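# Chain and residue survey
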Amino acid sequence: MTDPHFRAPHAPAAAHYPPPGRAVQPYAPPVQHAPAVYAPGPAVAWTRPASATVSAGGRLGAAVLDVLLMVVTFGIGWLIWSMITWSDGQTPGKQLLGHVVADATTGEAFGWGRMFLREFLIEGLLFWIPNMLTLGLFGVADALMVFRADARTLHDMMAGSIVRHR
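Note that the structure is predicted; figures quoted are calculated from it, not measured.

## Things to note about the overall build of the protein
For the protein, the count of helices and strands is 6 helices and 2 strands. The linear arrangement of helices and strands in the protein, starting from the amino end, is α-α-α-β-α-α-α-β. Out of the 166 residues in the protein, the part that is buried amounts to 25%. In the protein, the proportion of contacts linking residues at least 24 apart, taken out of those at least 6 apart, comes to 65%. Working note: accessible area of the protein is about 12,100 Å², and carbon and sulfur atoms make up 70% of it.

What follows is the structure, encoded as structure tokens:
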């Protein structure tokens with residue numbers, strides 16, 4: 001006790017205390033051959049491979065989204081947005097869903113010129129005539145080709161493109 005007025009009846013025996021420098025610890029002594037503690041490594045984030053093509057459902061979702069955006073913006077807003085996003089190899093629906101139209105051999109995203117060729121000349125003008133003559137069956141056949149092993153439609157093959165995740 002630390003009270004100066006307290007007097008013990010007798011002095012404690014020296015045998016009860018450990019020798020100097022050898023104090024009793026309330027915990028076990030360290031193990032001599034304990035494994036080393038390693039710092040945690042960098043966090044590994046899972047990312048989708050750049051070459052993973054978009055599924056048929058993903059492509060359908062982008063097409064439906066494009067049609068909805070056309071209706072909501074009366075076509076004008078969608079057209080202006082398309083002119084901007086074509087430089088990144090995307091349509092507005094593809095941009096919202098994270099899809100990119102890319103070269104089938106290199107995987108590099110299309111630029112504005114190749115998107116114009118694919119979207120306007122091939123899908124728009126060239127496919128419009130057979131679609132009108134077959135009452136839309138040509139468009140359905142083109143769309144169903146997305147279920148092939150390489151997930152490429154007829155207009156993808158003509159433009160040399162694939163649709164992949166960003």
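## Here's the deal with the nonpolar core
The biggest cluster of nonpolar side chains holds 6 residues, and these are Val-54, Trp-86, Val-101, Phe-110, Met-115 and Val-163. With residues up to four places along the chain from it excluded, the contact list for Val-101 reads Gly-89, Lys-94, Ala-109, Phe-110, Met-115, Arg-118, Ser-161, Ile-162 and Val-163.

Rules and cut-offs
Residues numbered from 1 in each chain as written. Predicted model: local features only at pLDDT ≥ 70, side-chain atom pairs only at ≥ 80, totals over all residues. Heavy atoms only, no water. Helix = DSSP H or I, 4+ residues; strand = E, 2+ residues; numbered from the N terminus. Buried < 20%, exposed > 50% of the residue type's maximum accessible area, 1.4 Å probe, protein only. Contact = heavy atoms within 4.5 Å. Areas by Shrake-Rupley, 256 points an atom, 1.4 Å probe, with all protein chains shown as cover. Core = buried A, V, L, I, M, F, W, Y, C linked by side-chain atoms within 4.5 Å.

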